[in-house]
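Residue-level structure breakdown
Here are the chains, one letter per residue:
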Amino acid sequence: MILKGIRVLDFTQYLAGPTATRLMAEMGADIIKVERAKDGDPSRLLPIVKDKRSGYFVQQNLGKRSLCIDLKSKGSQKIILDLVNEVDVVIENFGPGVMEKRGWDFKQLKKINKKIVMASISAFGRDSLLSHKTGFDWIAQAFAGIMDMTGPEDGSPHPVGVGIADISAGVHTFAAVGYALFNRERTGEGQWSDISMVDCLFHSHEVNLQVPQLTGGAFVPKRMGAHHKLLCPCGVFNSPEGHIVILCTQGQWGNLCKALERPELEIDARFDTPESRVSNQDQLIMIIEEWMAQIGEDEIILEKLESNRVPSSPVLSPTDALEHPYFNERGTVRVTTDRILGTMKLPGFPLRFSDQKIYEPGNAPFLGEHNSDILREVLGYSEKTVRELYEKGILYQENF
């Protein structure tokens, strides 16, 4: 396991931060998830909740250990600072000023552990003009220009249908922490990463920023709907049984003409250059969809496209993907068994390493499940001390 021996103090909640620490858990890191008594990570209450157990929480917290503390109590401060001295990484996504108020910001933590690597995740970044603003995924999508580019061509802006800002920030944090640990190996010094959800999404723009500048403003980026406005064919085509996506650059245009059994289209003046295909997009879309209708079956259409090396794909629903052989054979979908929810199919680990073949994280923790284990194993607290912390209300554990 690549990160075996790396210990992480995880103050994160909801999705962005837990994504980063979930990926680290998959690679063998010991994730100590610090949760506030008596409710813990708010995602424990996100739908769907079954028998007081949230599938949302389970998915994002596999393989982590839960330490539940009354963070308002004086006794909690010592526990946290003791842990800082024993961990490699601290990750948090609290609201603005929370870590500073408690004396847990990087400047203070580095005094305790000079090798500490820390990452802070927020909507607008800690060091920015808008650091005071709170925000969730859709807020970041809106501000980063992603929402403005999504949806029907003549309709209103639409949010992307997944937690793209949260997940992107989590993956960027995962990368930042990894490189900070690598740098620590060379220098012996830790450092802090300031991760903004908006920055991570804005990083996704390409032609939306380049083309307006290179055309002197002649091209104005806008929602494109089902088909790209600068490349054709590139879009979602109505097929006999659903929808099929085709994306052809100049290099694949001849291949598509062969698949259509229309070789004359390759030199047709309406379609022989990228620019002419864009100018006559409506006609080309109609030709392709008419061909699909004549074939009559999506599977045969896709076989013809693939045999001619035309980049294409059926539009799968998330539930379609769960049953597709690709996802299951590669481990992109894996089966987990939760102690309350039972068997669930969830996304698997998205990375592949030659020296790590197994990605089987443990269960998602119950609230405070590992209080005693963490304090005794990591900090060397006695059973008597742990018992006293429970008696004083500093530690909390749900019944499970």
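Here's a quick rundown of the structure.

Here is what the cut-offs are and how they apply
Throughout, residues of each chain are indexed from 1 in the direction in which the sequence is written. For this predicted model, a pLDDT threshold of at least 70 governs which residues receive local features, and a threshold of 80 or more governs which side-chain atom pairs are given and counted, while totals over whole chains, interfaces and linings are taken from all residues. Values shown for side chains rest on all heavy atoms present in the structure; no hydrogens or waters enter the calculation. Helix and strand assignments come from DSSP, with helices taken as H or I runs of at least 4 residues and strands as E runs of at least 2, each series counted from the N terminus. When a residue's accessible area, from a 1.4 Å probe over protein chains only, is under 20% of the maximum for its type it is buried; when over 50% it is exposed; and in between it is partly exposed. Residue contacts follow a heavy-atom distance rule, with two residues in contact if any of their heavy atoms lie within 4.5 Å. Note on areas: these come from Shrake-Rupley sampling with a 1.4 Å probe, and a residue is covered only by the protein chains present in the view. Positive charge is attributed to Lys and Arg, negative charge to Asp and Glu, and no charge count is given to His or to the chain ends. By convention, the point assigned to a charge is CZ for Arg, NZ for Lys, CD for Glu and CG for Asp. Only the stretch in contact is used when a helix axis is fitted, and all axes are lines through C-alpha atoms; the angle between N-to-C directions ranges over 0 to 180 degrees. Angles are sorted into four bins: roughly parallel if under 35 degrees, roughly antiparallel if over 145, roughly perpendicular if 65 to 115, and oblique for all others. Here is the rule for handedness: rotate from the far helix to the near one, and if that takes an anticlockwise turn smaller than a right angle the crossing is left-handed, while a clockwise turn gives right-handed. Gly counts as polar in this scheme, as do all residues outside two lists: the nonpolar Ala, Val, Leu, Ile, Met, Phe, Trp, Tyr, Cys and Pro, and the charged Asp, Glu, Lys and Arg. Note on pairing: DSSP must find at least two bridges between two strands before they are called paired. Pairing of aromatic rings covers Phe, Tyr and Trp, the last through its six-membered ring, and needs centres within 6.5 Å; plane angles under 30 degrees mean stacked, over 60 mean edge-to-face, and all others mean tilted. Charge-over-ring contacts are defined here by two conditions on Lys NZ or Arg CZ: a distance within 6 Å of the ring centre and an angle within 35 degrees of the ring normal. Each patch is built from salt-bridge-free residues with over 30% relative accessible area, joining like charges within 9 Å and nonpolar side chains (Val, Leu, Ile, Met, Phe, Trp, Tyr) within 5 Å. Salt bridge, as applied in this entry: a Lys or Arg side-chain nitrogen positioned within 4 Å of an Asp or Glu carboxyl oxygen.

This part is about the overall build of the protein. Across its full length, the protein carries 17 helices and 13 strands. In terms of overall dimensions, the protein has C-alpha extents of about 85 × 50 × 40 Å along its principal axes. Evaluated residue by residue, the protein yields a buried proportion of 44% over its 400 residues. In the protein, 67% of the contacts between residues at least 6 apart in sequence involve partners at least 24 apart. About 20700 Å² of surface is accessible on the protein, with carbon and sulfur atoms providing 54% of the total. With 45 positive and 53 negative side-chain charges, the protein shows a separation of 10 Å between the mean positions of the two kinds.

Here the focus is the packing of helix 12 (residues 281-295) against helix 13 (residues 298-307). Interhelical geometry of helix 12 versus helix 13 gives an angle of 125 degrees and a closest axis separation of 8 Å. Of the possible angle classes, the one that applies to helix 12 and helix 13 is oblique. For the pair helix 12 and helix 13, the sense of crossing is right-handed. On helix 13, the residues that touch Trp 291, Met 292 and Ile 295 of helix 12 are Ile 300, Ile 301, Lys 304 and Leu 305. The residue makeup of the contact of helix 12 with helix 13, split by class, is six nonpolar, no polar and one charged.

It is worth spelling out the side chain of Arg 65 at this point. Here Arg 65 is to be found in strand 5 (residues 65-69). Contacts of Arg 65, omitting those with residues within four sequence positions, involve Asp 30, Ile 31, Ile 32, Lys 33, Pro 365, His 370, Asp 373, Ile 374, Glu 377 and Val 378.

What follows covers the pairing of strand 12 (residues 333-338). Alignment of strand 12 against strand 13 (residues 342-347), held across six bridges, turns out to be antiparallel. In the sheet register, Val 333 faces strand 13, and the bridge partner there is Pro 347. Remark: three residues form the turn of the hairpin made by strand 12 and strand 13, two consecutive strands paired antiparallel.

Take the pairing of strand 6 (residues 89-92) next. The side-chain alternation of strand 6 yields two buried faces, one formed by Val 89 and Ile 91 and the other by Val 90 and Glu 92. As judged from the three bridges shared by strand 1 (residues 7-10) and strand 6, these two strands associate in the parallel manner. Considered in strand 6, the bridge of Val 8 is made with Val 89. Looking at chain direction, strand 6 and strand 7 (residues 117-122) are connected through four bridges and run parallel. Within strand 7, the position partnered with Glu 92 by the bridge is Ser 120.

Before going further, it helps to examine the packing of aromatic side chains. Any aromatic ring pair is given by two values, namely how distant the centres are and how the planes are angled relative to each other. Scanning the entire structure with this criterion turns up seven aromatic pairs. Plain terms: the ring middles of Tyr 14 and Phe 136 are 5.8 Å apart, the flat faces sit at 85 degrees to each other, and that makes the pair edge-to-face. Of this pair, Tyr 14 sits in the loop between strand 1 and helix 1 (16-26) while Phe 136 sits in the loop between strand 7 and helix 6 (137-143); the two residues are 122 residues apart in sequence, bridging distant segments of the chain. On the basis of relative accessible area, Tyr 14 is assigned to the partly exposed category, the value being 31%. On the basis of relative accessibility, which here comes to 57%, the residue Phe 136 falls in the exposed class. What links up through ring pairs into an aromatic cluster is the set Phe 11, Phe 94 and Trp 104. Lying over the aromatic face of Phe 366, Arg 53 brings its terminal NZ or CZ to 4.3 Å of the ring centre. A cation sits over an aromatic face here: Arg 102 above Phe 94, 5.7 Å from the ring centre.

Bringing the sheet that holds strand 5 into the picture now. With parallel pairing, six strands are arranged side by side in an open sheet as 5-2-1-6-7-8. Looking at the sheet topology across the chains shown, the edges are occupied by strand 5 and strand 8 (192-196). Averaged over all pairs of adjacent strands, the angle between strand axes in this sheet comes to 20 degrees, irrespective of strand direction. Sheet strands touched by helix 3 (residues 74-84): strand 1, strand 2 (30-36) and strand 5. Its angle to strand 5, the strand with the most contacts, is close to 150 degrees. Contacts between helix 7 (residues 164-187) and the sheet are confined to strand 6, strand 7 and strand 8, with strand 7 contributing the most and set at about 160 degrees to the helix.

Taken together, the side chains of Ile 2, Leu 351 and Phe 353 define a hydrophobic patch exposed on the protein surface, amounting to about 220 Å² of accessible area. Along the chain, the position of Leu 351 falls in the loop between strand 13 and helix 16 (371-377). By relative accessible area, which is 31% here, Leu 351 ends up partly exposed.

Now for unusual backbone geometry. Look at the link from Ala 37 to Lys 38: it is a cis peptide, with omega at 5 degrees. By secondary structure assignment, the location of Lys 38 is in the loop between strand 2 and strand 3 (49-50). Pro 233 follows Cys 232 through a cis peptide bond whose omega is 0 degrees. When you line up the elements, Pro 233 lands in the loop between helix 9 (207-214) and strand 9 (234-239). Positioned with a positive phi, Glu 261 is a non-glycine residue whose angle comes to about 55 degrees. Among the secondary structure elements, Glu 261 is positioned in the loop between helix 10 (250-259) and helix 11 (274-279). A positive phi is found at Arg 309, a non-glycine position, where the angle reads about 55 degrees. Structurally, Arg 309 can be placed in the loop between helix 13 and strand 11 (312-314).

On the surface, a cluster of negative charge is contributed by Glu 241, Glu 297, Glu 299, Glu 303 and Glu 306. Its place among the elements puts Glu 306 in helix 13.

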